[in-house]
Amino acid sequence: MNVVVVESPAKAKTINKYLGAGYKVLASFGHVRDLPAKDGSVLPDQDFEMLWEVDGASAKRMKDIADAVKSSDGLFLATDPDREGEAISWHVLDMLNKKRVLNGKTVKRVVFNAITKKAVLDAMAEPRDIDVPLVDAYLARRALDYLVGFNLSPVLWRKLPGARSAGRVQSVALRLVCDRESEIERFISEEYWNLSALLKTPRGDEFEAKLVAANGKRLQARSIANGEEAGKLKALLEGASYVVDTVEAKPVKRNPGPPFTTSTLQQAASSKLGFSASRTMQVAQKLYEGFDIGGETVGLITYMRTDGVQMAPEAIDAARGAIVDQFGQRYLPEKARFYSTKAKNAQEAHEAIRPTDFNRSPDKVRQYLDADQLKLYDLIWKRGIASQMASAEIERTTAEITADNNGEKAGLRAVGSVIRFDGFIAAYTDQKEDGEQSDDGDEDGRLPEINARENLAKQKINSSQHFTEPPPRYSEASLIKKMEELGIGRPSTYAATLATLRDREYVIIDKRKLIPHSKGRLVTAFLESFFTKYVEYDFTADLEEKLDRISAGELNWKQVLRDFWQDFFAQIEDTKELRVTNVLDSLNESLAPLVFPKREDGSDPRICQVCGTGNLSLKLGKYGAFVGCSNYPECNYTRQLSSEGGAEAEGAALNEPKALGTDPVTGEELTLRSGRFGPYIQRGDGKDAKRASLPKGWRPEEIDYEKAMALISLPRDIGKHPESGKMISSGIGRYGPFLLHDGSYANLESVEDVFSIGLNRAVAVIADKASKGPAGRGRTAAAALKELGDHPDGGAITVRDGKYGPYVNWGKVNATLPKGTDPQALTVEEALVLIAAKAGKAPAAKGKPKAKAASAEAKATKAPAKAKATKAPAKAKATKAKAPAKKTKKSEE
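All values reported here derive from a predicted model rather than from experimental measurement.

Chemist: Describe the overall build of the protein chain, naming the residues involved and giving the relevant values.
Modeler: In terms of helices and strands, the protein chain carries 25 helices and 34 strands. Counting only residues that meet the buried cut, the protein chain has 52% of its 893 residues in that class. Counting only contacts in the protein chain whose residues sit at least 6 apart along the sequence, the fraction spanning at least 24 positions is 67%. As displayed, the protein chain has an accessible area near 40500 Å², and 47% of this comes from carbon and sulfur atoms.

Now the structure itself:
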């Protein structure tokens, strides 16, 4: 009997069926050990020795593996086919060697790119040894991320209170978002005009031609700068006669793009489906692990963490066969298409993401998939098959027209295109970001019949004013694309990096756009001022290239660490003498548009409007940065930085209390104010004044007397309960809007419900909460959102929604879902990891499946609240890294 180690229990069950009785397949549940979040996990003074920690759940799983290996003939390490998978195999082997259970047994590494019977059996027939350079690259990356996170983050805590962490890739990604915001703030809009003529052919067909030349000069884009110039050109066109100079019809071929990589899949899923990067990877993981189809569990797609764009020869042959079957012979090109990636530092070791069987069309698997799984599989299947289809054939027609007004001449051009043969477009078309044209080749439409030298009749001259617009904010998709272009990060890190920026509240997402929070802009400005090199794009990309060269066996991993640490440690040491006043002076200048937004009256935005003499400046408090007056304590004016970032949002901040009216009951004045914790309503003055913070989504400029009275009057009495006779009231608490009746609370869906809910609906909400029954100590049991199946040790596993958010329940164990996790997308394997982590009170990240595992950098930045940079890693009064289940105060309802 041979033992096979894979990562997830779902894979273990499937692969055991493929291999049969001679094999025992066990799951490692992702990583079996990790660097503990404490001082001394990486030791530069001991040539970067790394001290690993095994949590309780992983120790139990490793005991099971060791016990099985003792009585086995050999060991096959079959974890995922990437750097992380290679590292997990290395960890397992290293721990088994230390347990001395191998005793000369055969140990082999096998990798398969798809979970199908053929792929697994083929891999088992061609085992290899562990790829040591690939493991070295993992160790170097893990050590780098730890050293940066655990040494740079404490500097931020000491010099920039409120900042939460810094990271090797995270901070550079944040800089991209902040730099774009700065571009938008500095942007100066310019006026320009476009002119066109609506013309009619002798056959009565109308079409539009755009002005492209005047008085012998070619007009560049936006070269008509003002209305006066536009008016002169419009007059020329109004009085002109029109004749066609030339008409040229030219065939154009458009070729398909390659199959998906991790990056392009995340981009397309964002643009077409509205998925976040993390959601895309969650769904892709499930498609990879497979579904029971016809009595056999089959993976539907190949491995989804890759930057390779090529498909295996047998997959190309299968795709070509499917093209003929489903689209016809004409859609099959004479030769197969081969692609090479243009991404910087790409590794071609893996295939692109493709269906494991092109004959398994989306319609054939529809019954086995939920809505999101079907959408993503449909996208992957169509992109994969389109990559091997014939080119689209497009006829592009260009008509050049002369306008003549008594010797004054202008040139116009009309362009149209028509698809003569759709080719690959029959399967897949790209959807671009930020209003770019699609790639279907038909953006100009079809022109009517136009012949050279024929006269045209003028119908109408159109003149339109425009203004240049600033560059758009990044979306998740466009940020991933930019990171890939710059060579920052790797495919497996993009989703985790974006999740870290959201979790740290460095960026917020509004209408799918990434907006830097003021907290994120402060961190970026600090790092750019005092750690310039380490947030430079080229430096980060060069370091990624070195890591890739380590994996290729070209560089020594410890030498790369030595070179990095020498300069980085010196930079850390230099900040010891850095005074907070130096930091604030630097940030005041680099973030001037954010800290000192322009005022409508044109007055100096750096002078306090309350006292009129003090200078405004950034101040640092326990909860972060805010703007205050230099005349403190005589002038106690303070203002928070905008939580949304950007000068426009900051301009809405309140510089002084705004009177809204008088409370008719108390006679006290209602005012709208802004403090360091945000805008709020205040009734009266002094220490007894009542205050109410503005709920999330309420903008200060939209607050009127009625809204202020409604907010300051909370809690609101709705009416007496018809059964108990006790009052039902509504209010807004720490955990959101609620109803209160007889000492029990029930959540409301929105803030608006607090002010509008009637008695009948309030009674229904309370009854619904009560119907879920008690759950110990008077709590109300949360209803199951999803049934996941049975635990290996017996008992049902469910996903429930509690007062503090969704959580996994198994018996008496309740484990909160990590922030941002979709409860409906959670798999039983992911739930088992969270339950094991909660039960063992150990870091859940160590047992996470790959689909949910954070990057090494994200783990490293979970540093303790106090640390001191020394030659060794930061000395820290560290606690263990907390499992996701402990991110909230309570994890059960």
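Chemist: Explain the sheet that holds strand β6 (residues 106–109) residue by residue, including any values.
Modeler: Read across the sheet, 4 strands follow the order β2-β1-β5-β6 without closing on themselves; strand pairing throughout is parallel. Each end of this open sheet is capped by a strand with a single partner; those strands are β2 (23–27) and β6. Neighbour-to-neighbour, the strand axes of the sheet open up by a mean angle of 20 degrees, direction not taken into account. Across the sheet, helix α1 (residues 9–19) is in contact with β1 (2–6) and β2; its angle to β2 comes to roughly 170 degrees.

Chemist: Residues and numbers for the packing of aromatic side chains, please.
Modeler: One pass over the full model with this rule turns up 19 aromatic pairs. Pairing W52 with Y138 gives two aromatic rings, centres 6.5 Å apart and planes at 15 degrees, and the pair type is stacked. Of the two residues, W52 is situated in the loop between β4 (49–50) and α2 (56–70) and Y138 in helix α5 (residues 132–159); the sequence distance between them amounts to 86 residues. Under the relative-accessibility criterion, Y138 is labelled buried at 3%. With 4.3 Å between their ring centres and 20 degrees between their planes, Y146 and F150 make a pair best called stacked.

Chemist: Can you lay out the nonpolar core for me, pointing to particular residues and giving the numbers?
Modeler: Grouped together as the largest cluster of nonpolar side chains are 177 residues, with contacts concentrated most on L96, L287, L376 and F526. Considering each element in turn, this core owes the most residues, 14 residues, to α5. If we ignore the near neighbours within four places in the chain, the residues touching F526 are V155, L156, K159, L160, F531, L578, V583 and L587.

Chemist: Report on the pattern of salt bridges, specifying residues and quantitative values.
Modeler: Considering all chains together, one arrives at 45 salt bridges under this definition. Through salt bridges with shared partners, a single ionic network connects R83, D307, R490 and D548.

Chemist: An account of helix α16 (residues 537–551) is requested, with residue identities and associated values reported.
Modeler: Helix length check: α16 (15 residues) gives 21 Å between terminal C-alpha atoms against 21 Å at 1.5 Å per residue, within 8%. On its buried face, α16 is in contact with α3 (83–99), α5, α6 (170–186), α13 (476–486) and α17 (557–574). Looking one or two places after α16, you find G553, whose phi comes out positive at around 80 degrees.

Chemist: Please provide a residue-by-residue account of the pairing of strand β26 (residues 727–733), values included.
Modeler: Every other side chain in a regular strand lies on the same face of the sheet, so the side chains alternate between the two faces. One ladder, built from 4 bridges, connects strand β25 (residues 716–720) with β26; its direction is antiparallel. Along β26, the bridge assignment pairs K720 with M727. Two successive antiparallel strands, β25 and β26, enclose a turn made up of 6 residues, where G725 displays a positive phi of approximately 75 degrees. Taken together, the 6 bridges between β26 and strand β27 (residues 736–741) define a ladder with antiparallel strand orientation. Each bridged residue has a counterpart across the sheet, and for I732 the counterpart in β27 is P737. Where β26 folds back onto β27 in an antiparallel hairpin, the turn is made up of 2 residues.

Chemist: Explain the sheet that holds β26 residue by residue, including any values.
Modeler: Judged by pairing direction, the sheet is antiparallel, and its 4 strands sit side by side in the order β25-β26-β27-β28 without closing on themselves. Whereas interior strands pair on both sides, the edge strands pair on one side only; in this sheet they are β25 and β28 (744–747). Taken pair by pair, the neighbouring strands of this sheet meet at an average axis angle of 30 degrees, ignoring direction.

Chemist: Tell me what's going on with the confidence of the model for the protein chain, and back it up with residues and numbers.
Modeler: On average, residues of the protein chain carry a pLDDT of 83, and 87% of them reach 70 or more. Note on residues 643–655: pLDDT under 50 across the span, and 40 contacts to partners over four residues away in sequence or across chains. With pLDDT under 50 throughout, residues 774–781 is counted as low confidence; its partners more than four residues away or in other chains account for 16 contacts.

Chemist: Can you explain unusual backbone geometry? Please cite residues and give values.
Modeler: Look at the link from Y632 to P633: it is a cis peptide, with omega at 10 degrees. With respect to the element layout, P633 can be found in the loop between β19 (624–629) and β20 (638–640). At N406, a position not held by glycine, the phi torsion is positive, near 55 degrees. When you line up the elements, N406 lands in the loop between β13 (392–405) and β14 (408–421). According to the relative accessible area criterion, N406 is exposed, its value standing at 78%.

Chemist: Which residues make up the packing of α1 against helix α4 (residues 117–125), and what are the values?
Modeler: Their axes nearest at 10 Å, the elements α1 and α4 cross at an angle of 70 degrees. By the criterion of interaxial angle, the relationship of α1 to α4 is roughly perpendicular. Packed against α1, whose contacting residues are I15, Y18 and L19, the element α4 presents K117, V120, L121 and M124 at the interface. Of the residues assigned to the contact of α1 with α4, the class counts are 6 nonpolar, no polar and 1 charged.

Chemist: Tell me about the packing of α13 against helix α14 (residues 494–503), and please be specific about residues and values.
Modeler: α14 packs onto α13 with a crossing angle of 125 degrees between their chain directions and a minimal axis gap of 11 Å. One way to sum up the angle between α13 and α14 is to call them oblique. Regarding α13 and α14, the two cross each other, and that crossing is right-handed. Residue-level inspection shows E476, L479, I480, M483 and E484 of α13 in contact with α14, the latter providing Y494, T497, L498 and R502. Its residues placed into classes, the contact of α13 with α14 shows 5 nonpolar, 1 polar and 3 charged.

Chemist: How would you explain α2 if you had to name every residue and give the values?
Modeler: The α-helix advances 3.6 residues per turn, and as a result positions three or four apart in sequence lie on the same side. In a regular helix each residue adds 1.5 Å, so 15 residues correspond to 21 Å; α2 covers 21 Å between its end C-alpha atoms and thus fits that length. Where α2 begins, one side-chain oxygen reaches toward the backbone nitrogen of A57, 2.9 Å away; that side chain belongs to D55.

Chemist: Can you tell me about a negative patch on the surface, naming the residues and giving the values?
Modeler: Taken together, the side chains of E536, D538, D542 and E545 present a region of like negative charge at the surface. Tracing the chain through its elements places D538 in helix α16. For D538, a relative accessible area of 55% gives the class exposed.

Chemist: Talk me through the environment of F275; I want residue IDs and the actual numbers.
Modeler: Mapped onto the secondary structure, F275 falls in the loop between α8 (262–273) and α9 (277–289). Residues F275 and E476 lie 201 residues apart in sequence; the distance between their C-alpha atoms is 9.5 Å. F275 has contacts with A269, S270, T280, D372 and L376, leaving out every residue within four places of it along the chain.

Basis of the calculations
Residues numbered from 1 in each chain as written. Predicted model: local features only at pLDDT ≥ 70, side-chain atom pairs only at ≥ 80, totals over all residues. Heavy atoms only, no water. Helix = DSSP H or I, 4+ residues; strand = E, 2+ residues; numbered from the N terminus. Buried < 20%, exposed > 50% of the residue type's maximum accessible area, 1.4 Å probe, protein only. Contact = heavy atoms within 4.5 Å. Areas by Shrake-Rupley, 256 points an atom, 1.4 Å probe, with all protein chains shown as cover. Pairing = 2+ DSSP bridges. Axes fitted to C-alpha atoms, helices over the stretch in contact; angles between N-to-C directions. Phe/Tyr/Trp six-rings, centres within 6.5 Å; stacked < 30°, edge-to-face > 60°. Core = buried A, V, L, I, M, F, W, Y, C linked by side-chain atoms within 4.5 Å. Salt bridge = Lys/Arg side-chain N within 4 Å of Asp/Glu carboxyl O. Expected span 1.5 Å × (residues − 1). pLDDT = per-residue confidence, 0-100. Parallel < 35°, antiparallel > 145°, perpendicular 65-115°, else oblique. Nonpolar A, V, L, I, M, F, W, Y, C, P; charged D, E, K, R; others polar. Left-handed = near helix turned anticlockwise from the far one by under 90°. Polar contact = N/O pair within 3.5 Å; in protein donor to acceptor, adjacent residues only side chain to side chain. Patch = residues over 30% accessible without salt bridge, like charges linked within 9 Å, V, L, I, M, F, W, Y side chains within 5 Å. Lys, Arg positive; Asp, Glu negative; His and termini not counted. Charge placed at Lys NZ, Arg CZ, Asp CG, Glu CD.

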